[in-house]
Amino acid sequence: MITTEHVSEAETDYLTQLEKAGARFESRTAQRQETRRTIESRGVLYADEPDRVRKRLARLNADWSLARSIERIPTQPAASAGSTLPLPPETFGADVLGLERLMGRNDLTGVAFLEGGHLAARSIGRVTVRSAAGGHHGTGFMVSPSLLMTNNHVLRSPEEAGRAVIEFNFQAGLDGLPLVPVIFALEPQRFFATDRDLDFSVVAVADRSRQGARLTDFDWLPLDGAQGKAILGEFVNIIQHPNGEPKQLALRENQIVDLLDEFVHYVTDTAPGSSGSPVFNDQWEVVALHHSAVPKTDSEGRPLAVDGTVWRPGMGEHRLAWKANEGVRISRVLHRLSRLTLTGTAARLRDELFASAGTPRPGEGAPRTASAGRPAADGIASNGAAQSASAGAVGLTVPLRITIDFDLPPHQEPAPGRSAVGLPSIGTVAAPPPPLTAAGQMDGGSVTVGDAAEQDLHAALRNVQLAEGRVYYDRDADREARDAYYARIDDRADGDSLRRALTDLLEESHESRPSYQPSRLVYPWVDLHPDRLLRSVYSGKTFTAEELIRADTAAEAARLRGMREFLTREGTAGPAELAAELDVLEASLPFNCEHVVPQSWFAKREPMRGDLHHLFACETGCNSYRGNIPYTDFPGFDEAVRDDCGMREKTGFEPEHSRGAVARATLYFLLRYPKVVGDEAREFPEERLPVLLDWHRNEAVTEYELHRNAAIAEIQGNRNPLIDHPEWAQRIDFSGVWP
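Residues numbered from 1 in each chain as written. Predicted model: local features only at pLDDT ≥ 70, side-chain atom pairs only at ≥ 80, totals over all residues. Heavy atoms only, no water.

Attention now moves to the overall build of the chain. Regarding its fold elements, the chain presents 20 helices and 24 strands. Out of the 739 residues belonging to the chain, those deemed buried represent 58%. Excluding contacts between residues fewer than 6 apart, the proportion of contacts in the chain whose partners are at least 24 apart in sequence is 72%. (Helix = DSSP H or I, 4+ residues; strand = E, 2+ residues; numbered from the N terminus. Buried < 20%, exposed > 50% of the residue type's maximum accessible area, 1.4 Å probe, protein only. Contact = heavy atoms within 4.5 Å.)

Close contact between helix 1 (residues 14-27) and helix 2 (residues 29-41) brings their axes to 5 Å; oriented N to C, the two are set at 60 degrees. As judged from the angle between their axes, helix 1 and helix 2 are oblique. Together, F25, E26 and S27 of helix 1 and T29, Q31 and R32 of helix 2 make up the contact between the two elements. Looking at the contact of helix 1 with helix 2 residue by residue, the classes come out as one nonpolar, three polar and two charged. (Axes fitted to C-alpha atoms, helices over the stretch in contact; angles between N-to-C directions. Parallel < 35°, antiparallel > 145°, perpendicular 65-115°, else oblique. Nonpolar A, V, L, I, M, F, W, Y, C, P; charged D, E, K, R; others polar.)

Quick look at helix 1 now. Along its 14 residues, helix 1 runs 20 Å from first to last C-alpha, staying within 8% of the 20 Å computed at 1.5 Å per residue. Buried within helix 1 are the following residues: Y14, T16, Q17, L18, A21, G22, R24 and F25. Contacts made by the buried residues of helix 1 are with helix 2, strand 11 (263-267), strand 13 (286-295) and strand 14 (322-329). (Expected span 1.5 Å × (residues − 1).)

Helix length check: helix 12 (residues 495-508), at 14 residues, gives a terminal C-alpha distance of 20 Å against a target of 20 Å (1.5 Å per residue), a fit within 8%. Taken as a whole, helix 12 has its buried residues at G495, L498, R499, L502, T503, L505 and L506. Seen end-on, helix 12 carries its buried residues on one side only, within an arc spanning 165 degrees. Of the surrounding elements, those touching the buried residues of helix 12 are helix 11 (475-485), helix 17 (659-672) and helix 20 (721-724). The N-capping residue of helix 12, defined by a side-chain oxygen 3.1 Å from the backbone nitrogen of D496, is D494. (Arc of directions from axis to C-beta. Polar contact = N/O pair within 3.5 Å; in protein donor to acceptor, adjacent residues only side chain to side chain.)

In this section: the confidence of the model for the chain. Of all residues in the chain, 82% have pLDDT values of 70 or greater, and the mean over the chain is 82. Scored below 50 in pLDDT, residues 360-451 makes 241 contacts in the model with residues more than four places away or belonging to other chains. (pLDDT = per-residue confidence, 0-100.)

What follows concerns the pairing of strand 24 (residues 652-655). Residues G652 and E654 of strand 24 are buried on one face, and the alternating residues F653 and P655, pointing to the opposite face, are buried as well. In terms of strand pairing, strand 23 (residues 646-649) meets strand 24 through four bridges, oriented antiparallel. Looking at the pairing, E649 lines up with G652 of strand 24. Here strand 23 hands over to strand 24 after two residues, the two strands then running antiparallel side by side. (Pairing = 2+ DSSP bridges.)

With that settled, consider the sheet that holds strand 9 (residues 235-240). Read around the closed barrel, six strands run 9-10-11-14-13-12, paired in antiparallel fashion. The sheet shows a mean angle of 45 degrees between the axes of neighbouring strands, taken without regard to direction. Against the sheet, helix 1 engages strand 11, strand 13 and strand 14, with an angle of about 95 degrees to strand 13. Lying on the sheet, helix 8 (residues 330-338) is in contact with strand 13 and strand 14; it crosses strand 14 at an angle near 40 degrees.

Turning our eyes to something else, we now look at the nonpolar core. Of all hydrophobic cores here, the largest spans 111 residues; its most connected members are L45, L99, Y523, Y538, Y631 and F734. The element that contributes the greatest number of residues to this core is helix 17, accounting for nine residues. (Core = buried A, V, L, I, M, F, W, Y, C linked by side-chain atoms within 4.5 Å.)

Quick look at the pairing of strand 4 (residues 147-150) now. Neither face of strand 4 is exposed, since L147 and M149 on one face and L148 and T150 on the opposite face are all buried. Note: strand 3 (residues 136-142) against strand 4, two bridges, orientation antiparallel. Bridged to M142 within strand 4 is L148. Following strand 3, the chain reverses through four residues before pairing antiparallel with strand 4. With four bridges connecting them, strand 4 and strand 8 (residues 200-204) associate as antiparallel partners. Note that in strand 8 the partner of L147 across the bridge is A204.

Here's what the structure looks like:
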């Protein structure tokens, strides 16, 4: 018999779980109250950590630009007659409605929500444990073709699991009559793992029922360990067998009010969840394993029953007086499982569980998780399932996507007089890959998702459509926003104090920190000029937003084809080789976007890489021409023979256009990220600060920059002080920004 157990020193049972859950809930009262205030005053997207919110948006194939578009449209109460966005009906998808629903601004959802819930429910059954005392019930759900998950306090040991069965279809049919349950035996001799601290057990299930039905007919729920499946304030769904009763659904009645390191708290004014139930988001991804109510207690801290007496386990969960629910975060369950040392059949079954997170489930139309093919807002499909580590292997997830074919709409030719961007042919784009081992080998079969790139392209073009009807720049509204933003800044302070105060403000107000994907956030709105066209920051050439969006999509596809070829050719490449190859591909196939502070100066780290204040449209030729050479001011520049992009020598680069704009963007970067650049000679040295200040002084702030600043503030929260207050450039002491 193969048994693996992580045992805490304290003997735990359901009563102990109740007491621990209650203690955790009470200890977080202040944080929970603050969360509620934020949700009520600002909304769901501001209550959680910015990085988790960004990942949640990514899983919905959404971004902050779409979120701000939704916020701009008043709707009270929540809409119930379609989307609030001014878009043609054919452009709507689950991403738009899903985000509106998450934000509490639309009561509607797509019909696929019901279909997904129906399919997810098939994998959930009633666990019945027989004993001389009569036994007990719980809920369990399939997490792979062979393994069932439930609570430790439902299945405490292999011996208890050996006396248990799982019953599927223990529920009423459409006609109200009970269906015939399909009963499978549990097989702990093949696999049994349990953890008392996290209150979970995973056990193997027989391949066939007593009547010969196949276990695979009931499918399984893929588990994903990535962040972003749910955020504070979001409503979740529970499918369960409460008190051993037929299968029931608590639909969007539980709101997440706290996320601890290992647990999640959610509250409702209806009945508590059932032990061992899966907790879902609206995309039917498993967010948590429900394991305990948070009980009401007497003066001695003892749980109370609904009649006011002291509750005892023999009364059943349904008799418990409760005030909240607690679930175990599924990412923590996966992490704990991945750390077990297993061999033979047990190792194979555990590996099958993790492989199931990235493969389509059996059955036509089965609901899929976002990680099984939805591209993230940063252009990388999210696939963050915790990886298993059998026989000493180390799991590695790299930002790749494997090939799938799709057809893009034909490229629209540029209007006469404007230069077209060269588009590589688009043959394939990528879907999330199986994980790589430390040796770089593929672990499992490839995953293909035919609509992944189309979804990404569609989302970017939708943002273009949303921008078409907007006022380009509202001077009065922006003046009011600017004055409020700098209200606490004392502009009479000395130069060093002013710099420090601005740095603190820029970091503190940088609330949402989008990842780098210019096709979503730069081209559709932020970088548009008053004529609604994009202009290369260095050459001044003009393009439509759609041109650059399609060009970047093609470049990304070509990068991914290159990475696929590299993996085929170099099957034993390790993490360092993979990272180096990614750098080569990005350099050879750049986006039409310029970081005025080159990415190599900060090692492509976030939030610097995606900070919109220093991202500008720039055709690939000028992007490559400048490279990572620092700005300089050449004597006799106007008389020199220059490239369309400007003038470049080993010592520096001076752009043909937009010197004032790039100077202000660079000065912003130095204020926002002090001591990040300038520690190497090839980076911007302190002695060249006068170059930026001269360019800033000689080229006044334009309406284009005012628009950019307001648009960026709307998305990521902070502003560029050199645009709002050009006069501060001479007062700020920049000497403290260099290492």
